[in-house]
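Observations on the three-dimensional arrangement
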Amino acid sequence: DAKTTQPPSMDCAEGRAANLPCNHSTISGNEYVYWYRQIHSQGPQYIIHGLKNNETNEMASLIITEDRKSSTLILPHATLRDTAVYYCIVRAPEGGSQGNLIFGKGTKLSVKP
Amino acid sequence: DAGITQSPRHKVTETGTPVTLRCHQTENHRYMYWYRQDPGHGLRLIHYSYGVKDTDKGEVSDGYSVSRSKTEDFLLTLESATSSQTSVYFCAIRLGGGLEQFFGPGTRLTVL
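Residues numbered from 1 in each chain as written. Chains lettered and ligands numbered in written order. Predicted model: local features only at pLDDT ≥ 70, side-chain atom pairs only at ≥ 80, totals over all residues. Heavy atoms only, no water.

**A look at the sheet that holds strand E4 (residues 45-50) of chain A**
Residue and element names in this part refer to chain A. The strand order E1-E9-E8-E3-E4 describes an open sheet built from 5 strands, whose pairing is mixed. Every interior strand has two partners, whereas the edge strands, strand E1 (9-13) and E4, have only one. In this sheet, adjacent strand axes meet at a mean angle of 25° when their direction is disregarded. As paired strands, strand E3 (residues 32-38) and strand E8 (residues 84-91) are joined by 7 bridges and run antiparallel to one another. For Trp 35, the partnering residue across the bridge sits in E8 and is Cys 88. (Pairing = 2+ DSSP bridges. Helix = DSSP H or I, 4+ residues; strand = E, 2+ residues; numbered from the N terminus. Axes fitted to C-alpha atoms, helices over the stretch in contact; angles between N-to-C directions.)

**Brief notes about the pattern of salt bridges**
Residue and element names in this part refer to chain B. Under the criterion given, the structure shown has 5 salt bridges over all chains. The residue Asp 73 makes a salt bridge to Arg 22 at a minimum N-O spacing of 3.1 Å. Of this pair, Asp 73 sits in strand E8 (residues 73-78) while Arg 22 sits in strand E3 (residues 19-25), placing them 51 residues apart in sequence. When its relative accessible area of 32% is taken as the criterion, Arg 22 is described as partly exposed. (Salt bridge = Lys/Arg side-chain N within 4 Å of Asp/Glu carboxyl O. Buried < 20%, exposed > 50% of the residue type's maximum accessible area, 1.4 Å probe, protein only.)

**Here we look at the nonpolar core**
Residue and element names in this part refer to chain A. Core analysis: the biggest nonpolar cluster contains 21 residues, and Leu 20, Trp 35, Leu 73, Leu 75, Tyr 86 and Leu 109 have the highest contact counts within it. Taken together, the elements giving at least two residues each to this core come down to strand E2 (18-23), E3, E4, strand E6 (61-64), strand E7 (70-75), E8 and strand E9 (107-112). Looking at this core, the element that brings in the most residues is E8, giving 4 residues. Discounting residues that sit within four places of it in the chain, Leu 75 has contacts with Arg 16, Ala 17, Ala 18, Leu 20, Met 59, Ala 60, Asp 82, Tyr 86 and Leu 109. (Core = buried A, V, L, I, M, F, W, Y, C linked by side-chain atoms within 4.5 Å. Contact = heavy atoms within 4.5 Å.)

**What to know about unusual backbone geometry**
The linkage connecting Ser 7 of chain B with the following residue, Pro 8 of chain B, adopts the cis geometry, with an omega of -10°. Here Pro 8 of chain B lies in the loop between strand E1 (4-7) and strand E2 (10-13). Even without glycine at this site, Arg 68 of chain A takes up a positive phi of about 65°. Following the sequence through the fold, Arg 68 of chain A ends up in the loop between E6 and E7. For Lys 53 of chain B, which is not glycine, the phi torsion reads 65° and is therefore positive.

**Comments concerning the state of the cysteines**
This model, assessed by the stated rule, comprises 2 disulfides over all chains. The disulfide partner of Cys 22 of chain A is Cys 88 of chain A, and the S-S distance across this bridge is 2.1 Å. The sign of the -80° torsion about the S-S bond sets the Cys 22 of chain A-Cys 88 of chain A disulfide as left-handed. Note that Cys 22 of chain A is positioned in strand E2 and Cys 88 of chain A in strand E8, a separation of 66 residues in sequence. Among the residues examined, Cys 22 of chain A registers a relative accessible area of 1% and is labelled buried. Residue Cys 88 of chain A is classed as buried on the basis of its relative accessible area of 2%. Note that Cys 23 of chain B is cross-linked by a disulfide to Cys 91 of chain B, the S-S spacing being 1.9 Å. Taking the torsion about the sulfur-sulfur bond, which here is approximately -75°, the covalent link between Cys 23 of chain B and Cys 91 of chain B counts as left-handed. On the criterion of sequence distance, the pair formed by Cys 23 of chain B in strand E3 and Cys 91 of chain B in strand E9 (residues 87-94) is long-range, its members being 68 residues apart. (Disulfide = S-S within 2.5 Å.)

Structure follows, in structure tokens:
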């Protein structure tokens, strides 16, 4: 599985866009980029995933560079409820025989009023 | 949203006692997972199931056993709880063929 690198923490002003980077320079051709977040004391929550095209859903946008070595999760209008730890996970779709997720340390995003 | 509940939500027990945590889903998802989360370690896979009576070990399975006699229930048992098993336990179900998983609310277990 490709190793990911994320900044340990970031701040964002409420109402502004939050741009969370992830480096995955050793990503393989069949590996997807998944983003999850974990709000304090809750279980992780799926946000979005992509292979090589940019993706958007009701929660966020995912921008993947053309060489696929890095990506950015964008929360277009951050709110206080978006304060959480955000995890970037790179893994083949079947996740090996187990299909489990492998979480790193993530980025602690603090949205401030 | 996938319906998934965990019980109990909080438990305090003593070293050496058996403990069973329950994960219940209201949909027919094949894959279910038990993770534990500890400061400095992130989430680690304990056991998983790919069907009724089909289970396998994860990264940190020592001291834990699981059972899945019905599609909707996945039980995690600590045969003889130790203080090192104090943790927050999360159950998850896998949605579809990719890695989109839906997590339960977690069980906070304290072993004294």
